[in-house]
Each structure stands twice: as C-alpha cells, then as structure tokens.
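Here's the letter readout for the chains.
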Amino acid sequence: MIRHLFKLIWNKKKAHALLMVEIWASFMVLFGLTTLIVVNVRNYSQPLGFAYQNVWAIELNNNQDTMAVAEKAKAIFQRLKSYSDVESVSRMSNNFPFSANTMNNMVEHNKARTLAHQYVTDENFARTLAMPVLEGSWYRRADRVGKYKPVVINQKAREELFGDENPLGGIISDNFKVTGVVGNFKAKGEFMANQPAMFELLDEDSSWDKTMLVRVKPGTDAIFEARLVKDITSMANGWSVEVDHLTDSRQNQHNLTLVPVIIFLIISSFLLINVGLGLFGVLNLSIARRRGEIGLRRALGATGNGISTQFIGEIWVLATFGLLIGLLFAMQFPLLNVFDLEAGVYLTAIVMSVIVIYVIVTLCALFPSRQAAQIQPAVALHEE
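The rules we used
The numbers attached to residues start from 1 for each chain and follow its sequence in the written order. A pLDDT threshold of at least 70 governs which residues receive local features in this predicted model, and a stricter bar of 80 or more applies before side-chain atom pairs are shown or counted, although totals over entire chains, interfaces and linings include all residues. Excluded from the side-chain calculations are hydrogens and water; all other atoms, namely the structure's heavy atoms, are used. Put simply, the grid is 1 Å and covers the protein atoms alone, a cavity is a trapped set of points that fit a 1.4 Å probe, a pocket is an open set with protein on both sides within 12 Å along at least five of seven lines, and lining residues have an atom within 4 Å of a point. Grid points are joined across faces, edges and corners, and a volume is the space filled by probe spheres set on the points. Polarity classes work like this: nonpolar for Ala, Val, Leu, Ile, Met, Phe, Trp, Tyr, Cys and Pro, charged for Asp, Glu, Lys and Arg, and polar for all others, with Gly in that last group. Basic side-chain nitrogens of Lys or Arg form a salt bridge, by our definition, when they fall within 4 Å of a carboxyl oxygen of Asp or Glu. What counts as a helix is a DSSP run of H or I of at least four residues, what counts as a strand is a run of E of at least two, and both are numbered from the N terminus. A simple rule labels every residue: compare its accessible area, found with a 1.4 Å probe on the protein chains alone, to the largest value its type can have, and call it buried under 20%, exposed over 50%, or partly exposed in between. Paired strands are those between which DSSP finds at least two bridges. UniProt positions are given in the numbering used here, feature names are shortened, and annotations may be inferred rather than shown by experiment. Pairing of aromatic rings covers Phe, Tyr and Trp, the last counted by its six-membered ring, and requires centre-to-centre distances within 6.5 Å; plane angles under 30 degrees mean stacked, over 60 mean edge-to-face, and any other angle means tilted.

K.L.:
Describe empty space enclosed by the protein, with residues and values.
P.N.:
Gaps left between atoms show up when a probe the size of a water molecule is rolled over them. Per the stated rule, a full pass over the model turns up 2 cavities of 30 Å³ or more. Looking at the largest cavity, its volume works out to about 50 Å³. Around the largest cavity sit Asn95, Phe96, Ser99, Asn101, Thr102, Met103, His117, Gln118, Tyr119, Ala187 and Lys188, which together line it. For the lining of the largest cavity, the per-class residue count stands at 4 nonpolar, 6 polar and 1 charged. Quantified by volume, the second largest cavity comes out at close to 30 Å³. Taken together, Ile23, Ser26, Leu272, Val275, Ile357, Ile360 and Val361 form the lining of the second largest cavity.

K.L.:
Explain the pattern of salt bridges to me, using residue names and the numbers behind them.
P.N.:
Enumeration according to the criterion identifies 12 salt bridges in this entry. Salt-bridge contacts for arginine 158 lead to glutamate 135; the nearest nitrogen and oxygen are separated by 2.8 Å. Placement of arginine 158 in helix α5 (residues 155-161) and of glutamate 135 in strand β5 (residues 133-136) is noted, with a sequence separation of 23 residues between them. Each member of the salt-bridge network shares a partner with another, and the members are Arg79, Arg227 and Asp231.

K.L.:
Quick rundown of the pairing of strand β6 (residues 149-154)? Include the residues and the values.
P.N.:
Counting buried positions along β6 gives 5 out of 6 residues, so the element sits mostly inside the fold. Relative to strand β8 (residues 176-182), β6 runs parallel, the two being bridged by 6 bridges. Across the sheet, the residue bridging to isoleucine 153 is valine 181, located in β8. In terms of strand pairing, β6 meets strand β9 (residues 197-201) through 3 bridges, oriented antiparallel. The residue of β9 that forms the bridge with isoleucine 153 is methionine 198.

K.L.:
Could you give an account of unusual backbone geometry, naming the residues involved and the relevant values?
P.N.:
Leave glycine aside and you will find that most residues have negative phi; peptide bonds, for their part, are mostly trans. One non-glycine residue, asparagine 54, adopts positive backbone phi at about 65°. Within the secondary structure, asparagine 54 sits in the loop between α2 (13-45) and β1 (55-61). Judged by relative accessible area, asparagine 54 falls into the partly exposed class, the value being 31%. The phi torsion at asparagine 63 lies on the positive side, around 50°, for a residue other than glycine. The residue asparagine 63 is located in the loop between β1 and α3 (69-82) in this model. Among the residues examined, asparagine 63 registers a relative accessible area of 37% and is labelled partly exposed.

K.L.:
Explain the UniProt feature "transmembrane region" (unreviewed entry) in the chain to me, and be specific about the residues and the numbers.
P.N.:
Residues annotated in UniProt with the feature "transmembrane region" (unreviewed entry) correspond here to residues 21-39, 258-288, 315-333 and 345-367. The straight-line gap between the two end C-alpha atoms of residues 21-39 is 27 Å; of that span, 100% is helix and 0% is strand. As a span, residues 345-367 carries 100% helix and 0% strand, and end to end its C-alpha atoms are 35 Å apart.

K.L.:
Give me the packing of aromatic side chains: which residues, what numbers.
P.N.:
All told, the structure shown has 20 aromatic pairs when counted by the stated rule. When the centroid spacing of 5.1 Å and the interplanar angle of 40° are considered together, the rings of tyrosine 44 and phenylalanine 191 count as tilted. Placement of the pair is tyrosine 44 in helix α2 and phenylalanine 191 in the loop between β8 and β9, with a sequence separation of 147 residues. Take phenylalanine 191: its relative accessible area is 16%, and that puts it in the buried class. Ring pairs connect the aromatic residues Phe50, Tyr52, Phe98, Tyr119, Phe125, Trp138, Tyr139, Phe185 and Phe199, which therefore count as one cluster.

K.L.:
Which residues make up the pairing of strand β10 (residues 211-216), and what values do they have?
P.N.:
The element β10 is largely enclosed, with a buried count of 6 among its 6 residues. Here β10 shows no split at all, with Thr211, Leu213 and Arg215 on one side and Met212, Val214 and Val216 on the other all buried. Where β1 and β10 come together, 4 bridges link them in antiparallel fashion. Bridging from a neighbouring strand, alanine 57 pairs with leucine 213 of β10. Note: strand β2 (residues 86-92) against β10, 6 bridges, orientation antiparallel.

Structure below.
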C-alpha cells in the first residue's frame, strides 16, 4: 500500500512539487512561531523573583540644576520615608524593574566569565521589592570596607561564575565581594529569560543614581501621588519628577513581547489557511479526474473506507516529503546552537510543528476523501 502511494506521488511529481514546497514553507514558518511560543512559555513559567505590586518608581531629573544634587536626593529620600502611606523606600540607578534602561558588563571569577546585568541599589532594595535572599544576606552600609565593594548576585550569576563553589565572600572582577545570593531576577518581566544579575551598593553621595522605588500601602490613590510630586518639586526647584507604577510598566513590557508574537501568529495563520485551501482544491480536482479509476476500484471490491484511506495516505506522503526537507533545515538550529537556546526548545518546536502540519493536511483531506468514498462504481464507469 505504501509503495503504491509513493508510486502515485512520483508519477505526478510535477503537479505535486508546488504543494510540497508550500508544506515545507509552512513548516518553517510554523517552526519559527512555535519556537517563539515555547521560549516565552518556558520563561513565563519561571518565577519573577520579586513583588512589583504597590511599588512606584519615582524618576528624578535635576535638569540644569547642578548645585548640591546628592544632598537634595538624600533629602527627598528622607522625605519619602516620612509619609504614613509609604512602607519602604529604596534608592537605585535608573534601570529599575520593567524600565527600558539597561546596564550590563562582563564580569569574571577565576576563569569563569559572564555578561551580567548590573543594578546600583541601597540596602533597602530587597525589602522594598520583597525579594528573598537565599544565601548570605543583603549588603549593609557597614559592609563597604576595604578595597572591595559589596555585591549580591542572583542564582543565574552564581551558576555561571561559581558553579558548585560557595559564592559567599567570593571576589568578582577583582573589585566586588559577594555577600548574598537571591533567586531569579527577571527585571523585564515574566517573558524575559532569567539572566545573570549583580547588585552593587549605592554611594549616597552619588549625583547620578536618583531613582526612588517606593512601596506604598494597598489602596493608595492618585491624590497621594499628586501630593508626593508637589512636595518633591517644592524641595528641588527646577527638577522634573516622573512616577511609574510598576504594574503599568510591567504591562508595557508584556505588550512589547506579545505584539510581535501575535503579528507572527496572524501571518502564519493566513499562510496555513492558504496551504489548506490549496490542498483541498487539489484533492477535489484529483477526485474529479480519477472518477473512472475510483469506480473501477469499487467495482473490483474496494470499500469506501479503503478509497478514503488511499486519498488521506496520498496527502500524508506529500506532507512527509515536504516535512523531510523542512527537518533538514530545522535540525541545524539545535546542532549549531543558533540564538543560544537549549536544544530542547527547538526539538519541542519541531515536534509541535510536525503534528500541526499533519493535523492540517488530514483535516483538508477528510471531506474530499469521503466524497471519493461515496462514488458508486456503476455511475463512475458509465460516465467514462
């Protein structure tokens, strides 16, 4: 039976070549889409590592004011701590969670090197974001002694730099000393991959790091926000103040990730629909041209299910030819470690794409194959 199907396809190879190319192209597009979906689903299933609810990021810009910038920033920090609606305040660099700002650098320990996202924060950062410390402790102001700056790293940085070695007290890049380890820290949202991160103790006298993270009590409204902005601007004339709610910033980051996926999904759907319509039309045309053959087979004792199975088998063989070509391309991605993704991501995407292609071609073949099965031998032979 299988040999017969291959012979039928081979005898009409010119007519079927375009369909096989369409199936191959559909598989490649579907492979790209499923890879993107698998990556995002895997990332989303991993914990964020901190609590963003009821946290505001207050970005301060001193504009043309260059007088006593650090002192004004410290005064604003103390004022924020005095509000009854504020539970915790932390001062940090401008790459706060869910922001568009990024700061990273290559760091090393012994012979291990990795690109780590760097955050300059004070001793209140972990408490403000409700971020648990898994090993050691979060740094304090008293830890800044000697030539080493205290830092906290996340679990991913620990794996990349220290492996099975105890990281506490370890020296990074001859300048930083590890005081603690936190779990995940996915600063760009749930869809971000968990990447190495390093938190460095902030210098209070710095005039650069002026972003304030404020954890407010649940139910704090816009009236308090307006009052807060008014008080800050009165303390620092000429400064501009921008308040970002981390819940809103998180949604913006999600949109930046989901919009391309949705666009890709729409384009892929149109392509798959076109391929499905093409297969449906080819099968209908094939049945119309082969009514005599079908009638003869029915007259010789072939059952309706046998006729239907033959047409479904033919379209499966076509799909297999197209998929074999696609697999030759798709298997290069895990073999060459393209985009630095795990091989399991690509293999999962390949399996999903193959299943979807076979489901589509089977659905497209069901109705025409049932039509072929209903052809009566006497009618078909009489028409011939």
